[in-house]
Every structure is written in structure tokens, then in C-alpha cells.
Amino acid sequence: MNIVKNVCNIFNTAHIFHQEDQVDMTSGPIAMQLVCFMVPILASQLLQQFYNITDTMFVGRYIGAAALAAVGTTGLLLSVIVNFIIGLSAGVSVIVSQLYGSKAFKELNNCVQTILIACSTIGLIATIIAIVFLPNILELLETPKEIAPMAACYLQICLWGIIPQLVYNSGTAIMRSLGNTCCALYYLVVSIFVNLVLDYILLVQFNLGIQGAAWATLAAQIISALLITHKIFTADGEWHFSPSKKLVDFLYLKELITKGIPAGMQAVFMSISSLVIQTYINSFGYAAMAGMTIYARVEGFLYYPLFSFGIALTSFIGQNIGARKFNRVTEGIHISLKLTVIGSIITSALAVYFAGNIMSLFTDDSAVLANGMEAVLYNLPFYWLYAINQIYIGGIRGMGHTFYPMITSLCSYCIFRVAWCQGWDLLVHDMRIVYTSYDTSWILMLGLLYFGYKYYFQQTVNSCALLAET
């Protein structure tokens, strides 16, 4: 009888996550809450990849190889911007989830209004600066002269998408912190549909070329930003948004800067690290370059679930820190470690087993396949280390500390990996140096994050105890 009751409770919890705008995660079954919370985030990540693939497909098929090269050239800059925005939204999750967990609804109104205004302002300033220095950016990216005008045309339009992307990502972070991950998924589906329809209309019917592709993307981004803003203004639950008399609360503006900027920079460091390592990989020729490219497609099956779980855990930890429920924080971390380590070991084994079949979908070049398979065998069996790192990052962020994960990422992913490759390259020029740089950097990161989590958790408990006494 108890088993049936527990199963019913689980399904009721899952139902709530798909129906309510706000979900209190300070009580209830932790494992199911985290999984139900993570699934829509994961679906959004996977849909975003589909979005990028189909968008590129339209450009390559209906405009041509030159346009495809122009989009590819600008992709690095746009991906760095997007990664920063996603990281910034992680900082937003921390601030909002803690306020919601402590039921400080008046302060939450001030906070949400400040975040939306600040993100819009930051986006406008960043857009203007990027457009002014666009020729210098294209030169820095070593854009070939024959496609530079096309790339500039594409970027001039796409850069205006910084504002709606900041609003959308900060808005989804706000809703995610309230316990709603589904609205972001719904709005992304709408955005993808709008982009595909406009791609067809502007590229195929009106033959607007690369400008049409850029306008289609921008329109889709604006619609998603408007939808999430409307959701915030009409959110149903304990908390209702009402505009504050104080246009910008500088206390929360400071919080956004101190918590959001480091989280954004952590994502940027990851991009920089990948870029620097890529230049080293390029020295091994096309087979190594292509091999790592198709390896990344296999790795995605492991990376996106773990990344999504880390994001979900940040909001869970934030709410429970705000509610001063430290036992649930500790239990949440332990459950998350078990779920992600066991899950990553199983999915790693499956990925290794099916890696050959997956990679053969992309190429039949034996040299490329050999390089890709070598990367799989060196890295995926140790991916459970990366899983643990994502849990501790989510935990530390949820406690309100985003600077420390940024520093550990800088040390482990940027400085250490580059030093490892350059140092060993003096002795031997071998792609295995690249593979082992990932494994060893995960170990280094794990050590730093473990001790960091222990320190910040105790510090948080002590701070709350002092506040309770006063």
C-alpha cells in the first residue's frame, strides 16, 4: 500500500512540474523533483542544437557555400556571446531562487525588475560596441576578404539579437528559479517554428539571401523574449510580479554583477580554452580535426544531460538555502552525485559501444574514424569525473558563490590544459596529449570544487546561524 502511495506521489509531483508556474522545492521527494526539473532543460538544450543545424542547412542549401562560410566565420563570436549570456542567467537563478525560497516576495519584485532592466541595458550597450568595432572583430577572426562583406552584413543584424537573448535567458532563469522549466521549452519550440517559417519565406520565396537568414533569426529571438516577459508579468502562484517604484535596486544590480558576470565569464573561459586547444589539434591535420569534431557529437549525449542537471541543481540548492533547509541541501547533493555518476557510467558505456555506428553517420574516412574512436576511448570512460564537477558547480552556485567556479574553470580548463599540451609537446607530438589534458583537468577541477563546496557550505551555515542570533 505504501509503495502505491509513493508512486502516486511521484506522478503527482511530475504533474505539478508541468502545470504550475511556481513550484516550492523546499519539500517533497528530492530525486524526482530534480529529474522532473532537469528534463525540460535538457529538451531545450537538444532543441537548440536542432535549431542551429536546420538554420545552417537553409543557408547552405538556398544561399550557397560562401554564405555558409560567412555564417561559420561569425559562429565563434556569436557562440561566445551566447555562452556568456547562458552563464549570466545562472547567476540570475542564484539570486531569484534564494529570494523565492525565503518567501521574500517584495524583494523579489525589486530584484526581477532590476534584472530585466539591467539585462536590456547591458544588451544595448554590448550591441552598439560590437557594431562599432565590427570591422576590427572580423579582422581579428581572420575572415577571408571575399566573404567579409557577407559576414559583416549577417553580423550587423544578428548582433541586435543580444538584447532579446539576454531578456529571454534571464527571464527563463527567473521562471526556472520559481520551479518552472517548461515555459522556456514551449517558447523555444515557438521560436524554432517561427525561425524555420521565416527562413523559408525570406530565403526561398523572397530570395533575400544572408540578410533574410539573419532577420529570421532576430525575429524568432524577439518573439521568445516577448513571450517570457509576458509570462513573468502574468505568473500564477504565491509570487506575483508588480512593478516597483524604485526603477533599479542597486543592491540587486550589485548582486547581478557579482554573481552573474563570473558565471558568464566561466562559460567564456570554456570557449577560449576550446579555441586554444583547437589550434593545437589543427597541427595534426584534417583527420585529427575531423575526428575531434565527430567525437564532440558522441560526447553531446553525455554532456547535455549533465549540464542540464547542474542548472536544475542550482535552483534547487538556491531555494533550500533561502529556506534555511541545509539538510535538504546536503541530501540533494548526495542524491545528485549518485544519479549523475551512475547515469554517466551507464551512458558512457553505451556511447563507447555505439560510438563507431554514430560516427560512421558523419564520415566513412577510416583515418577520421580512427581519431574519433581514440578520443572516445581515452575520455568517455572518465566522464563520471565531469559529472561530479557539474554537481559541485551547481551546489556552489546555488549557495550564491559564482566567482569560485569561474576561477577553478580558468585554472583547470584554460591555464592547465594549455600548459599540459605545450609542456608535453616539447617531449612528444601526439594527439593523446590532448585527450589526457581533458581527463587530468577533470581530476584537478574535482579536487578544487570538492574543497570549495565544503568550505562554502560551512560558511553559509555559519552565516545563517549568526543572522538567526541577531
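Residues numbered from 1 in each chain as written. Predicted model: local features only at pLDDT ≥ 70, side-chain atom pairs only at ≥ 80, totals over all residues. Heavy atoms only, no water.

Before going further, it helps to examine the overall build of the protein. What the protein contains, in helices and strands, is 16 helices and 0 strands. The C-alpha atoms of the protein give a radius of gyration of 23 Å, which matches the 23 Å a tight globule of 470 residues would have. Seen through its C-alpha atoms, the protein measures out along the principal axes to roughly 65 × 50 × 45 Å. Taken over 470 residues, the protein has a buried fraction of 52%. Put simply, of all contacts in the protein between residues at least 6 apart along the chain, 84% involve residues at least 24 apart. Total accessible area on the protein stands at roughly 21400 Å², and carbon and sulfur atoms take up 69% of it. (Helix = DSSP H or I, 4+ residues; strand = E, 2+ residues; numbered from the N terminus. Rg over C-alpha atoms; globule rule 2.2 N^0.38 Å. Buried < 20%, exposed > 50% of the residue type's maximum accessible area, 1.4 Å probe, protein only. Contact = heavy atoms within 4.5 Å. Areas by Shrake-Rupley, 256 points an atom, 1.4 Å probe, with all protein chains shown as cover.)

With that settled, the discussion passes to the environment of glycine 209. By the secondary structure assignment, glycine 209 is in helix H9 (residues 209–233). Sequence-distant contacts of glycine 209, that is, excluding residues within four places in its chain, are made with Ile63, Leu202 and Leu203.

Attention shifts here to the confidence of the model for the protein. Predicted coordinates in regions of low pLDDT should not be interpreted in detail. A residue-level look at the protein finds 93% of positions with pLDDT of 70 or above and a mean pLDDT of 86. Per-element confidence in the protein ranges from a low mean pLDDT of 41 for helix H1 (residues 2–19) to a high of 94 for helix H14 (residues 383–398). This stretch, residues 1–19, has a pLDDT under 50; its non-local contacts, to residues over four places away or in other chains, come to 14 contacts. (pLDDT = per-residue confidence, 0-100.)

So, about the layout of surface pockets. Taken as a whole, the second largest pocket holds about 560 Å³ of empty space. In terms of lining, the second largest pocket is formed by 20 residues, of which the most central are Leu77, Val80, Ile81, Ala130 and Ile137. At the level of elements, helix H3 (65–101), helix H4 (105–132), helix H5 (134–140), helix H7 (162–177) and helix H10 (250–282) are the ones that each hand at least two residues to the lining of the second largest pocket. It is H3 that contributes the most residues to the lining of the second largest pocket, 6 residues altogether. (1 Å grid on protein atoms, 1.4 Å probe; cavity = no way out; pocket = protein on both sides within 12 Å on 5 of 7 lines; lining within 4 Å. Points joined across faces, edges and corners; volume = space filled by probe spheres on them.)

What follows deals with a nonpolar patch on the surface. A cluster of nonpolar side chains, namely Leu124, Ile125, Ile128, Ile129, Val132, Phe133 and Trp160, defines an oily patch on the protein surface of about 660 Å² accessible area. Secondary-structure assignment places isoleucine 129 in helix H4. Note on isoleucine 129: relative accessible area 47%, which makes it partly exposed. (Patch = residues over 30% accessible without salt bridge, like charges linked within 9 Å, V, L, I, M, F, W, Y side chains within 5 Å. Salt bridge = Lys/Arg side-chain N within 4 Å of Asp/Glu carboxyl O.)

The geometry of H4 relative to H10 is characterised by a closest axis approach of 9 Å and an angle of 60 degrees between their N-to-C directions. Taken together, the axes of H4 and H10 are oblique relative to one another. The two elements H4 and H10 cross, and the hand of that crossing is right-handed. Taken together, the residues of H10 that come into contact with H4 (itself represented by Glu107, Asn110, Cys111, Thr114 and Ala118) are Tyr252, Leu253 and Leu256. (Axes fitted to C-alpha atoms, helices over the stretch in contact; angles between N-to-C directions. Parallel < 35°, antiparallel > 145°, perpendicular 65-115°, else oblique. Left-handed = near helix turned anticlockwise from the far one by under 90°.)

This next bit is on the packing of aromatic side chains. A ring pair, where both rings are aromatic, is described by two values, the distance of the centres and the angle of the planes. The final tally for this structure, using the stated rule, is 22 aromatic pairs. Between the aromatic rings of tyrosine 303 and tyrosine 386, the centroid separation amounts to 6.0 Å while the plane-to-plane angle is 35 degrees, which identifies the pairing as tilted. With a gap of 83 residues between them, tyrosine 303 in helix H11 (residues 286–322) and tyrosine 386 in helix H14 connect regions that are remote in the sequence. Overall, tyrosine 303 belongs to the partly exposed group, its relative accessible area being 25%. Ring centres 6.0 Å apart and planes at 55 degrees place the aromatic pair tyrosine 386 and tryptophan 442 in the tilted group. Highlighted residues: tyrosine 386 in helix H14 and tryptophan 442 in helix H16 (residues 432–469), separated in sequence by 56 residues. When its relative accessible area of 2% is taken as the criterion, tryptophan 442 is described as buried. Here the aromatic residues Tyr303, Tyr304, Phe307, Tyr383, Tyr386 and Trp442 are joined through ring pairs into a cluster of three or more. Between lysine 103 and the ring centre of tyrosine 100, over which it is positioned, the NZ or CZ distance is 5.0 Å. (Phe/Tyr/Trp six-rings, centres within 6.5 Å; stacked < 30°, edge-to-face > 60°. Lys NZ or Arg CZ within 6 Å of the ring centre and 35° of its normal.)

So, on to unusual backbone geometry. For asparagine 207, which is not glycine, the phi dihedral falls at a positive 55 degrees. Secondary-structure assignment places asparagine 207 in the loop between helix H8 (182–205) and H9. Using a relative accessible area of 61% as the deciding quantity, one classes asparagine 207 as exposed.

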